[in-house]
Amino acid sequence: MKIITFDVFRTLGIPGVRYIKPERMYDHLEEIRQADWLLFPEYWQVNALVYGLGARIFPSLASYHLGHDKVQQTRAFLALCPEHVPPTEIRGTSRAVLDRVEARFGYPFIAKRIKSAMGEGVRLIASRRDLDDHVAEEPVLYAQARLPIDRDLRIVLVGGEVIDAYWRVTPLEGYRANVSQGGRIDHAAIPEAAIDLARRLARELDIDHAGFDIAMVDGQPYVFEFNRLFGNQGIADSSRRIGAAIRRVIGLDDDDRDPDGEPPLQLTA
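Residues numbered from 1 in each chain as written. Predicted model: local features only at pLDDT ≥ 70, side-chain atom pairs only at ≥ 80, totals over all residues. Heavy atoms only, no water.

Draft legend 1. The packing of aromatic side chains, seen in detail. Applying the stated rule across the entire model yields 4 aromatic pairs. Consider the rings of F40 and F58, whose centres lie 5.7 Å apart with planes at 85°: the pair is edge-to-face. With F40 in the loop between strand 3 (37–39) and helix 2 (46–52) and F58 in strand 4 (residues 57–58), this pair connects stretches of sequence that are 18 residues apart. The class of F40 is buried, set by a relative accessible area of 3%. (Phe/Tyr/Trp six-rings, centres within 6.5 Å; stacked < 30°, edge-to-face > 60°. Helix = DSSP H or I, 4+ residues; strand = E, 2+ residues; numbered from the N terminus. Buried < 20%, exposed > 50% of the residue type's maximum accessible area, 1.4 Å probe, protein only.)

Next comes the structure, spelled out in structure tokens:
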């Protein structure tokens, strides 16, 4: 099986892959056409690879398109399972809209940049002044009720397989549970309802490589978002375990391994 990766670090657990730098894609079109799978292209490559070359990519096309920003994700979640989405407003930034959002949520509430990760671009809006400051920098208002929680869950799935699940406990006086923002990892007592919701979202939306962020309120799971490229701080032996799951997704059997061990990654300058 011929496999090309465009992200060397996310495919360390997969033997025998050929690495091509994304910016060198057009220097290797014939090799790319002959590949069975293309792993982890950058977002700007996807349409050219899938529609231009008819290639098979991993993660899935839906993982890219829905994972590109919070608006696309949330609209898909609202269509599939509105009862599991926190109260959310996705609006323009006119004064009438701000009045409506203010009246619906009161203060404080959460506002998010539509393209962000690791907790960046998430703001606690405690007043109209905060809201005005936020929309001065953002062309789209993504506003969400602040849930009564002090932690949320990160649930990592690859090809429908749960790789890991853990709580991210919010720092004292904080409002972001992301590990990159100081959140503490806790693997205790993971609710099955949250696992079931993550599995359902992955299955029905065809998302095959994601870290889902889910909160629990009175036993009810609420999905915030998923990250196609998630951090691995809370996952033990992450490269091996995630690599093994990706191999299962793409059908790379043990027979494809070198009999003397895993062959080295092939690099292209």
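The discussion continues.
Draft legend 2. Structural view of the nonpolar core. In this structure, I155, L201, F212 and I214 are the most contacted members of the largest nonpolar core, which totals 25 residues. Of all the elements in the fold, those that place two or more residues in this core are helix 4 (70–80), strand 9 (151–158), strand 10 (161–169), helix 7 (192–205), strand 12 (209–217) and strand 13 (220–227). Among the elements that line this core, the one with the most residues is helix 7, at 7 residues. Residue contacts for F212: discarding those within four places in its chain leaves L153, R154, I155, L157, A198, L201, A202, I207, E225 and F226. Judged by nonpolar contacts, the second largest core, of 18 residues, contains V17, I163, F230 and A245. (Core = buried A, V, L, I, M, F, W, Y, C linked by side-chain atoms within 4.5 Å. Contact = heavy atoms within 4.5 Å.)

Draft legend 3. The arrangement of helix 8 (residues 238–250) in detail. For helix 8, built from 13 residues, the straight-helix expectation of 18 Å at 1.5 Å per residue is met to within 8% by its first-to-last C-alpha distance of 18 Å. Residues of helix 8 that are buried: S238, I242, G243, A244, A245, I246, R247 and I250. On its buried face, helix 8 sits against strand 1 (3–5), strand 3, strand 4, strand 9, strand 10 and strand 12. (Expected span 1.5 Å × (residues − 1).)

Draft legend 4. Quick peek at the pattern of salt bridges. Evaluated as defined, the whole model comprises 22 salt bridges. Across the pair D7 and R10 runs a salt bridge, and its minimum N-O distance is 3.9 Å. By relative accessible area, R10 is classed as partly exposed at 29%. Residues R123 and E137 are paired through a salt bridge, measuring 3.6 Å at the closest nitrogen-oxygen approach. In this pair, R123 is assigned in strand 7 (residues 122–125) and E137 in helix 6 (residues 128–137), connecting sequence segments 14 residues apart. R123 sits in the partly exposed class, given a relative accessible area of 26%. One connected set of salt bridges, linked through shared partners, spans E83, R200, R203 and E204. (Salt bridge = Lys/Arg side-chain N within 4 Å of Asp/Glu carboxyl O.)

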